[in-house]
Amino acid sequence: MLAKNDISENTTIVVGASRGLGRGIATAFADAGARVIAIARSGAALGDLAEDAGVIRPEVADVGVIRPEVADAGVIRPEVADAADPTVAGTMLDRYDPQVLILVAGATPLMRPLQHHTWETFSVNWHTDVRMAFHWLRETLLKPLRPGGQVIVISSGAALNGSPLSGGYAGAKSTQRFITSYAQDEANRAGLEITFTAVLPRITPMTALGRPAVQAYAARSGQSEEEYLRPMGEPLTPQAAGTALVKLVRADPGATARSYLLTGAGLQELT
Ligand SMILES: NC(=O)c1ccc[n+]([C@@H]2O[C@H](COP(=O)([O-])OP(=O)(O)OC[C@H]3O[C@@H](n4cnc5c(N)ncnc54)[C@H](OP(=O)(O)O)[C@@H]3O)[C@@H](O)[C@H]2O)c1
């Protein structure tokens, strides 16, 4: 079993790390001393992230296959990949053998009322967010991650309340929460000692995905963005998301709930 609280011993994979909440999470784990493997499709944005966090030695950057022991603590290693590709999850888990896997990546839903969606726009998050959760959770169980491993799936507060302007988004995020819990059941049945947790962030204007959603819901309710956001308190920033997830990974897994709401004030256990 891994020693808790010392994440500098960890290799952490963050899927969807090039911008938004994932970028804040990758940075927070690197700042806490973890070796971070940052996955996204945009190589340029990942390169900026890695440069901000630390220098990758040239001999590390030039080789195609990286062994975990050459990824320095506190350094972010970029991996350009489509995380929805069914071969990527197994490849990355075999290559880096992480203690922590954080699935953040998701598609930006088209914001419009139900009757203005096509089936393709309605179902986009099923073919990205749910698909990624399915492939990555399945591979963590099959590999399996080492005892003490932790898997966090970023779902959404929309899974609790619905999201009438973003087609199938809320249902997709709810399904991510369900299958995270299914994975926990399977891990328990097999005695794998892996913790699976769903984290449901509240809508925030601080990312490329959240901003158009805030604009759309504010316009629909005839409010300014400020008026719409005010009752929700301090908006969730990528930095606050990173701080909250580092705290979660440092906590005793025995005391970790299956799902949490994440707001600007931090994590709140869901029952
Ligand atoms: N912002 C909010 O208000 C809010 C609220 C609740 C839940 N969430 C959830 O939080 C997560 C992050 O949202 P965000 O607001 O930070 O979004 P964002 O700013 O749009 O960032 C999404 C990240 O996912 C990556 N990504 C998307 N598809 C990918 C793929 N196929 N393979 C690899 N990487 C992929 C993107 O990188 P590339 O494009 O470079 O691949 C990017 O790094 C999402 O799951 C979202 O549903 C957000």
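Quick look at the structure, then. All figures in this text were calculated on a predicted structure; none of them were measured in a lab. (Residues numbered from 1 in each chain as written. Predicted model: local features only at pLDDT ≥ 70, side-chain atom pairs only at ≥ 80, totals over all residues.)

The next subject is the overall build of the chain. If you tally the helices and strands in the chain, you get 11 helices and 8 strands. Computed over C-alpha atoms, the radius of gyration of the chain comes to 18 Å, within 12% of the 18 Å expected from 2.2 N^0.38 for 271 residues, which places it in the range of a compact globule. Taken along its principal axes, the extent of the C-alpha atoms in the chain is 55 × 40 × 35 Å. Within the span of the chain, comprising 271 residues, buried residues form 45% of the whole. Considering only intrachain contacts with a sequence separation of at least 6, the fraction spanning at least 24 residues in the chain is 72%. (Helix = DSSP H or I, 4+ residues; strand = E, 2+ residues; numbered from the N terminus. Rg over C-alpha atoms; globule rule 2.2 N^0.38 Å. Buried ≥ 20, exposed ≤ 12 C-beta atoms within 10 Å, placed from the backbone. Contact = placed C-beta atoms within 7 Å.)

Quick look at unusual backbone geometry now. Looking along the chain, the bond that leaves Lys143 and enters Pro144 is cis, with omega of -20°. Along the chain, Pro144 turns up in the loop between α6 (124–142) and β5 (150–154). Non-glycine residue Asp97 carries a positive phi angle of around 45°. Mapped onto the elements of the fold, Asp97 is located in the loop between α4 (86–96) and β4 (100–103). Asp97 sits in the partly exposed class, given 15 other C-beta atoms within 10 Å. Positive phi values are uncommon outside glycine, yet Glu193 reaches one of about 55°. Position of Glu193 among the secondary structure elements: in the loop between α8 (169–189) and β6 (195–201). The class of Glu193 is partly exposed, set by 16 C-beta atoms lying within 10 Å.

Spatially, β3-β2-β1-β4-β5-β6-β7-β8 is the arrangement adopted by the 8 strands of the open sheet, whose pairing is mixed. A single partner strand is all that each edge strand has here, and the edge strands are β3 (76–80) and β8 (266–269). In this sheet, adjacent strand axes meet at a mean angle of 20° when their direction is disregarded. In terms of strand pairing, strand β2 (residues 35–40) meets β3 through 5 bridges, oriented parallel. For Ala40, the partnering residue across the bridge sits in β3 and is Val80. Helix α2 (residues 43–53) contacts β2 and β3 of the sheet and is inclined by roughly 175° relative to β3. Sheet strands in contact with α6 are β1 (11–15), β4 and β5, and its direction is about 170° off that of β4. (Pairing = 2+ DSSP bridges. Axes fitted to C-alpha atoms, helices over the stretch in contact; angles between N-to-C directions.)

In this section: α6. Every α-helix carries 3.6 residues per turn, so stepping three or four residues along brings you back to the same face. Given a rise of 1.5 Å per residue, 19 residues ought to cover 27 Å, and the 27 Å separating the end C-alpha atoms of α6 matches this to within 8%. If you check which residues of α6 are buried, you get Val124, Asn125, Asp129, Val130, Met132, Ala133, Trp136, Leu137, Glu139 and Thr140. Contact partners of the buried residues in α6: β1, α4, β4, α5 (119–122), β5 and α8. (Expected span 1.5 Å × (residues − 1).)

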